[in-house]
Protein chains: 2
Amino acid sequence: LKLSLVLAESALELVPEEVASSPDVASDSRRRGKKAREILLDRSFHQGAMATLEEGMKRGRPDLVHVALLSVTSTPLYLEGLVDVYVHTSRDIVIRLKPKTRLTKSYVRFRGLAEQVLAERPNGGLLSVSQGSLRGLLRSVRPDWVCGLSTQGKQSSFERVGMDLSGRKNPCVVVGGFPQGHFAQDTLKAFDALLRVHPMPLDAHVVVSRVIYEVEKHLND
Amino acid sequence: LKLSLVLAESALELVPEEVASSPDVASDSRRRGKKAREILLDRSFHQGAMATLEEGMKRGRPDLVHVALLSVTSTPLYLEGLVDVYVHTSRDIVIRLKPKTRLTKSYVRFRGLAEQVLAERPNGGLLSVSQGSLRGLLRSVRPDWVCGLSTQGKQSSFERVGMDLSGRKNPCVVVGGFPQGHFAQDTLKAFDALLRVHPMPLDAHVVVSRVIYEVEKHLND
C-alpha cells in the first residue's frame, strides 16, 4: 500500500495583495519585523482584513493545517513510509512533504517554515512547492481510487473507509483543510466517492488521525 | 461513563527563577514585551537555558501539551461531555479544563492563555489551576481504575485499553505530557495498571486520540 493523503483547499497562504495594507496586517507585520506579503494570513491576527476577502470564511487558518499535518506525520503508518502527504491550498498551490519527514510540533517554527517555502517555492527538500490545482495533483499521483470525506457525502464510517483504502494499491483520501464550508464543485469532480464518516462534523485533524489509524488496523488484520 | 484523562508530568511551566536571566530567555522576553517569569519555558527558544535545568529533557514543550490537548478536545466523546481533562505539570501544578471547553487551535492564543492562568491561578473559568501532585489529583477525582500508558508497561493495545476503560464507571487514563523519558517513581505508584499500547514509542497526541477513539467505538458497540 501507498496511501496519498491530501488536505484540499487548505486555509494556508501568504497575505494577499488586496489586504496587505490593512491596519491589522500592518501592525502584525511591524511586530514580527517581516513584510506584509511575507507573513501567513491568519484569522487570529487579521480578523478585520479577512472580513473583506472573497471566501474569507474558508481562509487564514494555518493553525488548523499545522495540527492536521501533525496528526498524520506522527503515526506509525506515516513513519513507516506508507503515506504521501500533500497540502493543496485554496490558492491552488501544492506543498508536498518529503516522505517520513517529521514536522516540527512548534507552531512558531512551522509558521516560519511555511512562510519561507510559500515565498521561495523550493523544488525539493523537506517541503517542495508548486503551482497547481487538485486535479493536476491527482493526474501526477495517479491514484487507483480517490475518496473525498465530507459531511455532504454518503453515510459511511471510519472503519469502512479504512478498509476500502487498505484494500487498494495506491488510493488517495482527500480531507478539507479549511474550518467551515464545503469542497468547491471543481474539487468534487475529482472524487470517485464522497463519504461521510461521522454523524457530527469533525475537525480535519480528528478525521485524518482516525482514517490513518483504521488503515493501520486493517493492514495488520 | 465519565473518563478522566490526565497528561502527567507535563512539560508546561513558566520560566523558572534559575534561568530567568539567561541570554535566550532575556532576548525572548524583550521580543515579546513580557517579563521573563511570565513567559512559557520553551525549548524552541530557550535551548541554552534548558541545558542547565534539572530534568531539562522532560521540560519546556508547551507545543506538545497544546497538540495533545487538541487531540482530546475535538473528539465527539469529549464534546459530548464524557471526558474530564487535566494537565498535571512536572512542577506539580494541576490545570483542569472546564468540561466541553473547545480549546483554541491557535498556538499563539493558547500560549497567551497558559501564561495568564499559570501566573494568576484562577479557581474557575475555562481553565482552573491549583498546586498539587498527581496523587492528590487522583484522590479528589476518585477513579475506579487508573491506567498509565508507557513504553515500560505490559504489552497491550489501543483496542484492549479502550475496552477496559469503556467498561468502567469513572476510569482514569494517564499519558505522559513530556517529549522523552519515563514517568517518575511517584507517578508509577498511583497506577492500577501500566500498559504499553504500541510496539513503537508514540507521541502523546497520537496515544490520546487513539485511546479516545477506541473508547467511543466500544461505547457504540
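Structure shown above.
This is a predicted model, so every value here is computed, not measured. All residue numbers refer to positions counted from 1 along the written sequence of the respective chain. Labels are handed out in written order, letters beginning with A for the chains and numbers beginning with 1 for the ligands. Only residues with pLDDT of at least 70 get local features here, since the model is predicted, and only at 80 or more are side-chain atom pairs given and counted; chain-wide, interface and lining totals rely on the full set of residues. Derived side-chain values reflect all non-hydrogen atoms in the structure, with water molecules and hydrogen atoms excluded from consideration.

Visitor: Could you give me a rundown of the relation of the copies chain A and chain B, with the residues and numbers involved?
Guide: Alignment of copies: least-squares fit on C-alpha atoms of residues with pLDDT of at least 70 in both copies. Of the two same-sequence chains, chain A is brought onto chain B (RMSD 0.0 Å, axial shift 0.0 Å) by a rotation of 180°. Those values place the two copies in the arrangement expected of a two-fold rotation axis. Every residue of chain A has its C-alpha some distance from the rotation axis, and the shortest such distance is that of Tyr-107 of chain A, at 3.1 Å. Whether two residues are in contact is decided by their heavy atoms, any of which lying within 4.5 Å being enough. Mapped onto chain B, 100% of the interface residues of chain A again fall at the interface, so both copies present the same surface.

Visitor: An account of unusual backbone geometry is needed here, citing residue identities and associated values.
Guide: A positive phi angle, close to 55°, is found at Glu-9 of chain A, a residue other than glycine. In this description a helix means any DSSP run of H or I spanning at least four residues, a strand means any run of E spanning at least two, and both kinds are numbered starting from the N terminus. Structurally, Glu-9 of chain A is set in strand S1 (residues 3-10). In this model, Arg-142 of chain B sits at a positive phi of 50°, which is unusual for a non-glycine residue. Here Arg-142 of chain B is to be found in the loop between helix H6 (134-141) and strand S5 (145-155).

Visitor: Could you give me a rundown of the sheet that holds strand S7 (residues 193-196) of chain A, with the residues and numbers involved?
Guide: All names here are of chain A. Following DSSP output, two strands are said to pair if at least two bridges run between them. Across the sheet, seven strands lie side by side as S4-S3-S2-S1-S6-S5-S7; this open sheet has mixed pairing. The outermost strands of the open sheet, each flanked by one partner alone, are strand S4 (127-131) and S7. The mean angle between the axes of side-by-side strands here comes to 25°, regardless of whether they run parallel or antiparallel. One ladder, built from five bridges, connects S1 with strand S6 (residues 171-176); its direction is parallel. If you follow Val-6 over to S6, its bridge partner there is Val-174. For helices, the fitted line uses only the C-alpha atoms of the stretch in contact; every axis is such a line through C-alpha atoms, and the angle between N-to-C directions lies from 0 to 180 degrees. Against the sheet, helix H7 (residues 158-166) makes contact with S1, strand S5 (145-155), S6 and S7, and its axis sits at roughly 165° relative to S5, the strand it touches most.

Visitor: Kindly report on the interface of chain A and chain B, identifying the contributing residues and their values.
Guide: Contact with chain A, which involves 35 residues of that partner, is made by 35 residues of chain B. Summed over the three residues of chain A that lose the most area to chain B, namely Lys-105, Arg-210 and Tyr-213 of chain A, the buried surface amounts to 23% of that side. What makes a salt bridge here is a side-chain nitrogen of Lys or Arg within 4 Å of a carboxyl oxygen of Asp or Glu, nothing more. One salt bridge in this structure joins Asp-203 of chain A and Lys-105 of chain B, with 3.1 Å as the shortest N-O distance. What qualifies as a polar contact is a pair of N or O atoms within 3.5 Å, subject to a donor-acceptor requirement within protein and to the restriction that residues adjacent in sequence count only when both atoms come from side chains. Viewed at the interface, chain B and chain A are joined by 18 residue pairs in polar contact (both at pLDDT 80 or more). Those elements that place two or more of their residues in the side of chain A that touches chain B are helix H3 (62-73), helix H4 (76-79), helix H5 (107-120), H7 and helix H9 (204-220) of chain A. In terms of residue count, H9 of chain A provides more of the side of chain A that touches chain B than any other element does, nine residues in total. Put simply, Ala, Val, Leu, Ile, Met, Phe, Trp, Tyr, Cys and Pro go in the nonpolar bin, Asp, Glu, Lys and Arg in the charged bin, and everything else, Gly too, in the polar bin. Here the side of chain A that touches chain B is composed, by residue class, of 14 nonpolar, eight polar and 13 charged. Once two parts are brought into contact, the accessible area they lose, counted with a 1.4 Å probe and summed over both, makes up the buried area.

Visitor: Which residues make up the pattern of salt bridges, and what values do they have?
Guide: Taken as a whole, this structure holds 32 salt bridges over all chains when the rule is applied. In this structure, Lys-58 of chain B and Glu-9 of chain B form a salt bridge, with 2.5 Å as the shortest nitrogen-oxygen distance. Note that Lys-58 of chain B is positioned in the loop between helix H2 (47-51) and helix H3 (62-73) and Glu-9 of chain B in strand S1 (residues 3-10), a separation of 49 residues in sequence. Residue Lys-58 of chain B shares its accessibility class with Glu-9 of chain B, and that shared class is buried. In this structure, Asp-84 of chain B engages Arg-96 of chain B in a salt bridge whose closest nitrogen and oxygen atoms are separated by 3.6 Å. Here Asp-84 of chain B is found in strand S2 (residues 83-89), whereas its partner Arg-96 of chain B is found in strand S3 (residues 93-97), with 12 residues between them in sequence. Residue classification places Asp-84 of chain B among the buried residues on the basis of a relative accessible area of 9%. Classification of Arg-96 of chain B as partly exposed rests on a relative accessible area of 32%. Through salt bridges with shared partners, a single network forms among Lys-2, Asp-84 and Arg-96 of chain A. Remark: exposure states derive from per-residue accessible area (1.4 Å probe, protein chains only) relative to the maximum for the residue type, with buried under 20%, exposed over 50%, and partly exposed in between.

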